[in-house]
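# Inside the fold
One letter stands for each residue in the lines below.
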Amino acid sequence: MVDVAGSSQLLTAALSVVAASLVWWSRVRRLTVVRSNIAGINALSEEILNANTAEEAEKMAAAGLGKVLGAGKVRVILSDQALDAAGEAVRSGVAVERSNEKTLYLPMISGAKPSGAFAVSWLGEKCPYQIDERAALQHLANQIAITLELHDRRFQREQMLRGEKLGAAGRLIAAVAAELAEPLERISGNVQALRDADQAGAIRQSVASAKETLDRLLALGRSNAAELSEFDVSTVTAGLAEFRRRNWEMRSLAVTVDLPRRPVAVLGARGAFEHALLDLLVHAEQCAEHCSDAGSRRISIIVRQVDSEARIEIAHPAAGEDGSGALMETVSSIAGAFNGQARVDTVADRTCWVLTLPAHVAAEAQGPPEAGRSRTAHLTLLLADPNQASARALTEKLAQRGHRVVQAAGGGEAIEMATALRFNAVFATPALPDMSWVEMLERIRAAGCRVILLCDTLALLSHPLVQSGEATALRRPIDEVDLDRVLLLSAPAE
């Protein structure tokens, strides 16, 4: 006889194993899908860094999430456009789910404050995104915020560099035009002595036309000079401190301002300096306000002139991830426009920002030139050195001698400028980013310019082109006597 009870137990056990297997298989399948989705979203997060605008990022995200998640509508909402649920996500800094809209709003965070919201919609009735998938989507939203911020920083830096190059070229053209004014005046006076009236009239007309051209070039130089002015760093700092004082009182911040008794003058764009200083002050206020220890919410602002440099120090309580990298990039760029430097030091629980700018000394206060330098006429020089620190140091040495210096980013730009404008000499490093120095030497020589190589080793001094005199080499660090020697050789014959 068949044991019915035993068969029933076996069947029950078999069904239990099958059910457990189905549950296990369904769970494994779901985890596999989730892992695949997360990998796809993370890959999209890396690709999104190539976007240049919010519209382009939105298009890339929509295409990528459509393939990975089968998501519905995807939107990138900037902070000034964020309303309702999107605005709530921006204000709170956490994701907001709206089931009636079938949309998940994730804050786009880069630094301390969200720059907008990333909205992802779904097609079904219930939100299908699991916890790990939501974390990956949040990472994607943050990557979009970083992408947009990097694009803005690149645009600002390019605009600043473009403005500096245009300003330098304008000042160079105007300076050369000013040197032509005196010869034209002499020619105009000599025309009166010509006997041939017809010939004198034609020459007089040509001279008048040339003067009009010079006036336009000199006007260009004056407009560029208006952008670069001499101003007192301590006065600007005091003005901004007074502007922010009410805000400090409302936030209960203890701020000390230590200014020198004498003016500390620098030469540059005052608006750019004010922009950098105000950014640093606002950053210091935010760090101090978020400090848990009320007694440590102190900010100190110090302005000093140390030797030939203006030194500005702003110290505040140290913070963790405070987004100071982007601020450092902006401040360094502005300081570089003054031929200065910026750095940030963190010791224990205090962070100190330091700006050092060359102090400006009026021409009458500089004293008589040294005997070794008085023999060299004012030269127009081109400098191709990708290292900003060494380029700044040489530019200061040349400027102290009264020479005009125009900087080029690489060999190609140096060749273009040497072809378009007249330079007495070209200083260049052997390590150029876009070509070999030998190629640059040949093409620069075709434009009629002397090339002076700035080398760090003795090997280049023995190069055949240097030994033959086709190129001049200076060993760094540059000796003052050697620099004056090569400048004297570059001066035009009297």
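Read on for an overview of the structure. (Residues numbered from 1 in each chain as written. Predicted model: local features only at pLDDT ≥ 70, side-chain atom pairs only at ≥ 80, totals over all residues. Heavy atoms only, no water.)

## Side note on helix H2 (residues 54–68)
Our working rule: Every helix listed is a DSSP run of H or I at least four residues long, and every strand listed is a run of E at least two residues long, numbered separately from the N terminus. Given the number of residues in a helix, its expected span is that number minus one, multiplied by 1.5 Å. Exposure categories follow from relative accessible area, calculated using a 1.4 Å probe and restricted to protein chains: below 20% of the type maximum is buried, above 50% is exposed, and the middle band is partly exposed. What the arc measures is the spread of directions leading from the helix axis to the C-beta atoms.
Taking 1.5 Å of rise per residue, 15 residues should cover 21 Å, and H2 covers 21 Å from first to last C-alpha, within 8% of that figure. Within H2, the full set of buried residues consists of Ala54, Ala57, Ala61, Gly64 and Leu65. One side of H2 holds all its buried residues, which, seen down the axis, span an arc of 100 degrees. Seen from the buried face of H2, the exposed residues on the opposite side, beyond 90 degrees, are Glu55, Lys59 and Lys67. Of the residues trailing H2, Gly70 is marked for its positive phi of about 65 degrees.

## Examining the packing of aromatic side chains
Formally: Only Phe, Tyr and Trp rings are paired, with Trp represented by its six-membered ring, and only when their centres lie within 6.5 Å; those with planes under 30 degrees apart are stacked, over 60 edge-to-face, the remainder tilted.
What the rule picks out here adds up to four aromatic pairs. Both rings, one in Phe273 and one in Phe338, keep their centres 6.4 Å apart while their planes meet at 65 degrees; by these two values the pair is edge-to-face. Of the two residues, Phe273 is situated in helix H7 (residues 270–289) and Phe338 in the loop between helix H8 (324–337) and strand E10 (341–347); the sequence distance between them amounts to 65 residues. On the basis of relative accessible area, Phe338 is assigned to the buried category, the value being 6%.

## Some words on the pattern of salt bridges
Here is the rule: For this document, the term salt bridge refers to a Lys or Arg side-chain nitrogen within 4 Å of an Asp or Glu carboxyl oxygen.
For the coordinates displayed, the defined rule picks out 13 salt bridges. Taking the shortest distance from any N to any O, the salt bridge between Glu88 and Arg98 comes out at 2.9 Å. A residue pair is termed long-range when its members are at least 10 positions apart, and Glu88 in helix H3 (residues 84–92) and Arg98 in strand E2 (residues 96–98) qualify at ten residues. As a salt-bridge pair, Glu97 and Arg134 come within 2.6 Å of each other at their nearest N and O atoms. Pair noted here: Glu97 is in strand E2 and Arg134 is in helix H4 (residues 131–191), with a separation of 37 residues, a long-range link. Each of Lys397, Arg401, Glu480 and Asp484 takes part in one network of salt bridges that share partners.

## Topic: the sheet that holds strand E14 (residues 425–428)
Strand-to-strand pairing in sheets goes through backbone hydrogen bonds, with the strands running parallel or antiparallel. Inclusion rule: Only strands that DSSP links by at least two bridges are regarded as paired with each other. Between the N-to-C directions of two axes lies an angle of 0 to 180 degrees, each axis being a line fitted to C-alpha atoms and, for a helix, fitted only over the stretch in contact.
One open sheet holds the five strands; their spatial order is E13-E12-E14-E15-E16, and the pairing between them is parallel. Looking at strand neighbours, the two that pair on one side only are strand E13 (404–408) and strand E16 (472–475), the edges of this open sheet. Averaged over all pairs of adjacent strands, the angle between their axes in this sheet comes to 25 degrees, without regard to strand direction.

## A look at the packing of helix H6 (residues 233–250) against H7
The condition that has to hold: When the near helix sits turned anticlockwise from the far one by under a right angle, the crossing is termed left-handed; a clockwise turn instead gives a right-handed crossing. Only heavy atoms enter the contact rule, under which two residues are in contact if any of them lie within 4.5 Å. For this classification, Asp, Glu, Lys and Arg are treated as charged, while Ala, Val, Leu, Ile, Met, Phe, Trp, Tyr, Cys and Pro are nonpolar and the rest, including Gly, are polar.
Packing of H6 against H7 leaves a shortest axis separation of 11 Å and a crossing angle of 35 degrees. As for the relative orientation of H6 and H7, their crossing is right-handed in sense. In contact with Val233, Val236, Thr237, Leu240, Phe243, Arg244, Asn247 and Trp248 of H6, H7 contributes Arg270, Phe273, Glu274, Leu277, Leu278, Leu281, Val282 and Glu285. Split by residue class, the contact of H6 with H7 holds ten nonpolar, two polar and four charged.

## Quick look at the packing of H7 against H8
What counts here: When an angle is under 35 degrees it counts as roughly parallel; over 145 it counts as roughly antiparallel; between 65 and 115 it counts as roughly perpendicular; any other value is oblique.
Two numbers describe how H7 lies on H8: the axes approach to 9 Å, and their chain directions differ by 155 degrees. The pairing of H7 with H8 is recorded here as roughly antiparallel in orientation. Crossing of H7 over H8 shows left-handed handedness. Residue-level contacts link Ala272, Phe273, His275, Ala276, Asp279, Leu280 and His283 of H7 to Ser324, Leu327, Thr330, Val331 and Ile334 of H8. Tallied by class, the residues present in the contact of H7 with H8 amount to seven nonpolar, four polar and one charged.

## Section: the environment of Val233
With respect to the helices and strands, Val233 occurs in helix H6. For Val233, a relative accessible area of 0% translates into the label buried. Val233 sits 26 residues away from Leu259 along the chain, and the two C-alpha atoms are 9.4 Å apart. Excluding anything up to four places from it in sequence, Val233 contacts Val264, Val266, Phe273, Val303, Ala310 and Ile312.

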